[in-house]
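Here is how the chains run, residue by residue.
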Amino acid sequence: MPEQITLPHSSTMLGRAPPPLPPAVGDAAHLFFNGVSSMEKGDWPAAQSAFARSMDILKGGPPSESASQRAAFCAQYYAAVRLLAATCQPACDATRSARLYRHAAGLKLEGRHAMMLMRESAKRNRAVGNNRYVADLLMDMLTQVLSSGVPGADALAASLQADMTAADEAAATGAPGVTGEDVSTWASLVASGRSAADVDNTLASVL
């Protein structure tokens, strides 16, 4: 079975407790954070269910820009969980796993989760020779790290720079790997779904 990714605990992203929310929205938020907690533990079915129910509550409530934004963010996590679950299937070989991670890394998640998926995508795509993709992805990661200002950013940036240089050289001297695949609009397509069924339809071409 492919190696399972371990995500950081939700306490790293929650910070100070948010102000009280209206009951329906509060229920949706509670389900969302339950989904995040389950995702970080690798409990894909529980996470998928929590994110789907959160989206249903938001969809059934009064329309508002805030509800739409919350639903779009939840859709990203729902899609991530489905993709991660697929990478853990026994029949998922290295090439398919790399492709699924390219799409997972293209989603708009909270910073720590996004970075974790990007690093894992770089690792798995490097293993199958997708060097141009890896170099470009590492460049995006490097830009984010340098602008973050978090402790240890310089050391991480140096490590990413070295990996990016190696991927660039590998792409220049050998086969660059996957070409013709564009995941730049992938997150927008996922965010346009207001229910789990909508996101499932978007995922159908990938899964």
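Please refer to the structure higher up on the page.
Structural notes, computed from the coordinates. (Residues numbered from 1 in each chain as written. Predicted model: local features only at pLDDT ≥ 70, side-chain atom pairs only at ≥ 80, totals over all residues. Heavy atoms only, no water.)

### Details of the overall build of the protein
Next, step 1: Secondary structure assignment for the protein yields 10 helices and zero strands.
Next, step 2: In the protein, the succession of α and β elements from N to C terminus is α-α-α-α-α-α-α-α-α-α.
Next, step 3: For the protein, the proportion of its 207 residues judged to be buried stands at 44%.
Next, step 4: As displayed, the protein has an accessible area near 10500 Å², and 56% of this comes from carbon and sulfur atoms. (Helix = DSSP H or I, 4+ residues; strand = E, 2+ residues; numbered from the N terminus. Buried < 20%, exposed > 50% of the residue type's maximum accessible area, 1.4 Å probe, protein only. Areas by Shrake-Rupley, 256 points an atom, 1.4 Å probe, with all protein chains shown as cover.)

### Regarding the side chain of S195
Next, step 1: You can see S195 is positioned in the loop between helix 9 (186-191) and helix 10 (196-203).
Next, step 2: The class of S195 is buried, set by a relative accessible area of 7%.
Next, step 3: Beyond its immediate stretch of four places on either side in the chain, S195 contacts M55, D56 and K59. (Contact = heavy atoms within 4.5 Å.)

### A look at the packing of aromatic side chains
Next, step 1: Inspection of the entire model under this criterion finds six aromatic pairs.
Next, step 2: Judged by centre distance (5.6 Å) and plane angle (35°), the ring pair of F32 and F73 falls under tilted. Of this pair, F32 sits in helix 2 (residues 23-40) while F73 sits in helix 4 (residues 65-87), and the two are 41 residues apart along the sequence.
Next, step 3: You can call F32 buried: its relative accessible area is 9%. (Phe/Tyr/Trp six-rings, centres within 6.5 Å; stacked < 30°, edge-to-face > 60°.)

### Here we look at the packing of helix 5 (residues 94-105) against helix 6 (residues 111-127)
Next, step 1: Where helix 5 meets helix 6, the axes come as close as 9 Å, and the angle between the chain directions of the two elements is 155°. Taken as axis vectors, helix 5 and helix 6 run roughly antiparallel relative to one another. When you trace helix 5 past helix 6, the crossing you get is left-handed. Note on element contacts: helix 6 touches helix 5 through L117, M118, E120, S121, R124 and N125, opposite S97, A98, Y101, R102, A104 and A105.
Next, step 2: A class-by-class count of the residues in the contact of helix 5 with helix 6 yields six nonpolar, three polar and three charged. (Axes fitted to C-alpha atoms, helices over the stretch in contact; angles between N-to-C directions. Parallel < 35°, antiparallel > 145°, perpendicular 65-115°, else oblique. Left-handed = near helix turned anticlockwise from the far one by under 90°. Nonpolar A, V, L, I, M, F, W, Y, C, P; charged D, E, K, R; others polar.)

Any functional reading would require information beyond the geometric quantities listed.
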